[in-house]
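# Fold and geometry: a report
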Amino acid sequence: RAETHTRYGEFYTGSSGVAYELDQSILSLQYSQGFKAPSLYQLHGPFGNDDLIPEVNHSWEASWTLFNEQSQFEATLFQNRLSNLITYSFSDNRYYNQGRFIAEGLELSHKFRRDLYEVQAGYTYQQFRQEEETVLRRTQNSLQGGIAYFPTEASEVSLKGRWFSSRRDFNSTGGITKLNGFETFDLGARYYSAIVTGK
């Protein structure tokens, strides 16, 4: 992908990957790049910073997937190299570029389907290194789980939950504080319909 920005010039990003299937498992490796220019609000809004530069990241993922007719298990090792991450400072009341750091870790997920039900669970762990500043608003651990019920082939009712461990953020005086973990829950329903056209 090639982008030309009127302020920041030209950027080139891409992604590539390879996968190998063996019996009931898949091994895969993927590399991707990312680029994100500051928004107009981050540049010129009430808390804007005209000196912001684009965010850039380079990501690697290596995955192993084991599956059969009823279940799927996946383990993924990942590494994200992030530079110039845009964040907000409560002490200066403005946006700024955080610097660079490396986030790397492990993600596990499992999904099981039987009859009209599907159960899923997952865990993610990440650590940070080569950080120029304290990494803000990112947790080291998270757990997720959910159950879905399919009354018909075209409908679904689900309940999903996720827990996030503590993270660091600015306090009211501009210093760094530790925030408690938190949970989120989602209750949802879907109905799939097909539009048929013809004579």
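## Description of the overall build of the protein
- When helices and strands are counted, the protein shows 1 helix and 15 strands.
- Against the 2.2 N^0.38 benchmark of 16 Å for 199 residues, the protein shows a C-alpha radius of gyration of 21 Å, more extended than a compact globule.
- A principal-axis box enclosing the C-alpha atoms of the protein has dimensions of 55 × 45 × 40 Å.
- Within the span of the protein, comprising 199 residues, buried residues form 29% of the whole.
- Sequence-distant contacts, at least 24 apart, represent 50% of the contacts inside the protein between residues at least 6 apart.
- When the accessible surface of the protein is summed, it comes to about 13600 Å², and 51% of that surface belongs to carbon and sulfur atoms.
- In the protein, which carries 19 positive and 23 negative side-chain charges, the distance between the mean positions of the two groups comes to 3 Å.

## Concerning the sheet that holds strand E6 (residues 71-83)
- Read from one edge to the other, the open sheet built from 9 strands follows the order E3-E4-E5-E6-E9-E10-E11-E12-E15, with strand pairing classed as antiparallel. Each having just a single partner strand, strand E3 (15-22) and strand E15 (182-191) make up the two edges of the open sheet. Along the sheet, successive strands turn relative to each other by an average axial angle of 15 degrees, direction set aside.
- Sheet topology note: the E6/strand E9 (residues 100-114) ladder contains 13 bridges and is antiparallel. Across the sheet, residue Glu 74 finds its bridge partner in E9, namely Ser 109.

## Observations regarding a nonpolar patch on the surface
- There is a patch of nonpolar side chains on the surface, built from Phe 112, Leu 116, Tyr 117, Val 119, Ile 147, Tyr 149, Val 157, Leu 159, Phe 185 and Leu 187 and spanning about 960 Å² of accessible area.
- Positionally, Ile 147 belongs in strand E11 (residues 141-149).
- On the basis of relative accessibility, which here comes to 42%, the residue Ile 147 falls in the partly exposed class.

## Let's talk about the packing of aromatic side chains
- This structure, assessed with the given rule, holds 9 aromatic pairs.
- Residues Phe 47 and Tyr 88 carry aromatic rings whose centres are separated by 5.7 Å and whose planes lie at 80 degrees to one another, so their mutual orientation is edge-to-face. Pair noted here: Phe 47 is in the loop between helix H1 (40-44) and strand E5 (55-67) and Tyr 88 is in strand E7 (residues 86-89), with a separation of 41 residues, a long-range link.
- An aromatic cluster is present here, built from Tyr 41, Phe 47, Tyr 88 and Tyr 95 joined pairwise through their rings.
- The ring of Phe 150 has Arg 113 sitting right over it, with the charged end atom 4.0 Å from the ring centre.

Parameters at a glance
- Counting restarts for each chain: residues are numbered from 1 in the order of the written sequence.
- Confidence filtering applies because this is a predicted model: local features only for residues at pLDDT of at least 70, side-chain atom pairs given and counted only at 80 or more, and all residues used for totals across whole chains, interfaces and linings.
- Side-chain metrics rest on all non-hydrogen atoms present in the structure, leaving aside hydrogens and water.
- Secondary structure counts use DSSP, requiring at least four H or I residues in a row for a helix and at least two E residues in a row for a strand, with both numbered from the N terminus.
- Here the globule rule is a power law, 2.2 Å times the number of residues to the power 0.38, and the radius of gyration is based on C-alpha atoms.
- Here the term buried applies to any residue with accessible area under 20% of the maximum for its type, exposed to any over 50%, and partly exposed to those in between, with areas from a 1.4 Å probe on protein chains only.
- Residues are treated as being in contact if the distance between any of their heavy atoms lies within 4.5 Å.
- A 1.4 Å probe and the Shrake-Rupley method give the accessible areas. Residues count as covered only by the protein chains that appear here.
- His is not counted, nor are the chain ends, whereas Lys and Arg count as positive and Asp and Glu as negative.
- The atoms used to mark charge sites are NZ of Lys, CZ of Arg, CG of Asp and CD of Glu.
- Between any two strands, pairing holds if DSSP finds at least two bridges.
- Lines fitted to the C-alpha atoms define the axes, with helices restricted to the stretch that makes contact. Angles between their N-to-C directions range from 0 to 180 degrees.
- Patch definition: residues with relative accessible area over 30% and no salt bridge; like charges joined within 9 Å; nonpolar side chains (Val, Leu, Ile, Met, Phe, Trp, Tyr) joined within 5 Å.
- Think of a salt bridge as a Lys or Arg side-chain nitrogen and an Asp or Glu carboxyl oxygen that are within 4 Å of each other.
- Between 30 and 60 degrees the pair is tilted, below 30 it is stacked and above 60 it is edge-to-face, where a pair is any two Phe, Tyr or Trp rings, Trp via its six-membered ring, whose centres lie within 6.5 Å.
- Counted as over-ring charges are cases with an Arg CZ or a Lys NZ within 6 Å of the ring centre that also lie within 35 degrees of the ring normal.

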